[in-house]
Amino acid sequence: MIVPIREEAAERFSQAASLLPKGLRQGAERLSRSDKARAEELRLRIGRLPTVTLPEGEIPLATDGGQPVTSEDLRLTLEIATQASAHAVLDRVREGYVTVRGGHRVGLCGSAVCENGVIRTIGTLSSLAIRIAKEVPGVAEGIRPLLKEAGAVGGTVILAPPGGGKTTLLRDLIRRISDGIEGPPLRVGVADERGELAAMFHGTPMNDLGAHTDVLDGCPKAEALTLLLRAMTPQVLAADEVASAEDAAALEEASGCGTALLCTAHAVNPQDLLRRPLFQRLVCRGVLTQAVVLTGRGGTRRWRLAGLEGDGLC
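Just so you know, these numbers come straight off a predicted model, no measurement behind them. (Residues numbered from 1 in each chain as written. Predicted model: local features only at pLDDT ≥ 70, side-chain atom pairs only at ≥ 80, totals over all residues. Heavy atoms only, no water.)

## What about the pairing of strand β12 (residues 236-239)?
Put simply, the test is: Relative accessibility thresholds used throughout: buried, under 20% of the residue-type maximum; exposed, over 50%; partly exposed, between the two (1.4 Å probe, protein chains only). In DSSP terms, a helix is any run of H or I states spanning at least four residues, a strand is any run of E spanning at least two, and both are numbered starting from the N terminus. Should DSSP find at least two bridges between two strands, the strands are taken to pair.
Where burial is concerned, the two faces of β12 agree: the one with Val236 and Ala238 and the one with Leu237 and Ala239 are both buried. Summarising the sheet, strand β8 (residues 188-192) and β12 pair through 4 bridges and their orientation is parallel. Paired with valine 190 across the bridge in β12 is alanine 238. Note: β12 against strand β13 (residues 260-266), 4 bridges, orientation parallel.

## Here's the deal with the packing of aromatic side chains
Just so we agree on the cut-off: Under the pairing criterion, centres of Phe, Tyr and Trp rings, with the six-membered ring standing for Trp, must be within 6.5 Å; the plane angle then separates stacked pairs below 30 degrees from edge-to-face pairs above 60, leaving the rest tilted. A ring is scored as having a charge over it whenever the NZ atom of a lysine or the CZ atom of an arginine sits within 6 Å of its centre and within 35 degrees of its normal.
Using the criterion set out here, one finds 0 aromatic pairs in the structure. Positioned over the ring face of tyrosine 97 is arginine 105, at 5.2 Å from the centre of the ring.

## Here we look at the environment of glycine 203
Locating glycine 203 in the fold gives a position in the loop between β9 (200-201) and β10 (204-205). With a relative accessible area of 57%, glycine 203 lands in the exposed category.

## Focus on the pattern of salt bridges
Our working definition: Take a side-chain nitrogen of Lys or Arg and a carboxyl oxygen of Asp or Glu: if they are within 4 Å of each other, that pair is a salt bridge.
Under the criterion given, the structure shown has 22 salt bridges. Of the charged contacts in the structure, one is a salt bridge between glutamate 7 and arginine 33, with a shortest N-O distance of 3.0 Å. Here glutamate 7, found in helix α1 (residues 5-17), pairs with arginine 33, found in helix α3 (residues 33-38); they are 26 residues apart in sequence, far enough to count as distant. On the basis of relative accessible area, glutamate 7 is assigned to the partly exposed category, the value being 32%.

Keep in mind these values describe shape, not function.
Right, dumping it as structure tokens:
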């Protein structure tokens, strides 16, 4: 049976809300089915009511007795989400988030413990943000034909501000390329460092990335891209949120091997992207040749394809 997209989104919200302690969970469960389907994040801040982020902004959630979030609530949420003690989780946090079953990402904020200028752990939590993972089949419809180059997809970066839908679009685009929708089926290698694209659980993807997709998760993107290239002979390599020099170097190596590339980056438009030296280099070297820019939110989202020639930069 095919589950309607709105119903599936509401179910994923409920899955994310189940990570909350009972006193906080009830407020989330009182939301309408429509708002559950539209929800993007659940946010907890000490001393404040919990909130849910909808496309139009954050709204507060009622709690038992109107009690604000406490440090104990944050600790319990993290333990429920990871099935481990909060102390053990914080000791291994380096990037400020943990990805949990279902692909939901729990962002952490508080007092950082640094050593030689490098964050080693977060000593005390002050807030959490639970990003709700969503599959939206069909959201990438019409994109692949625009990217097609000699049967592949070229070197493409998907651009939007944080929370703009880049990961959701990339996930569906991978599925469509892998399953041969709007073009021939291609082998896709996915470097899923944060576990948000496939949401692997005991080796099984919780999200559908297509029949011809191989996923390497929990591994730094640069290493994962290199391993996939060597071991799985992908026709397309995909990675979410390229941000480091190591990631860029791995993309450059893969591009030199004739593999098509898909990645995402935080930017409002190509001009915004090209202010960053890392992406200037990738554009000037011909690694990234085109961009998909997401505009709008929710049902009003549109796509615009923009060329990145790096005019005046190379």
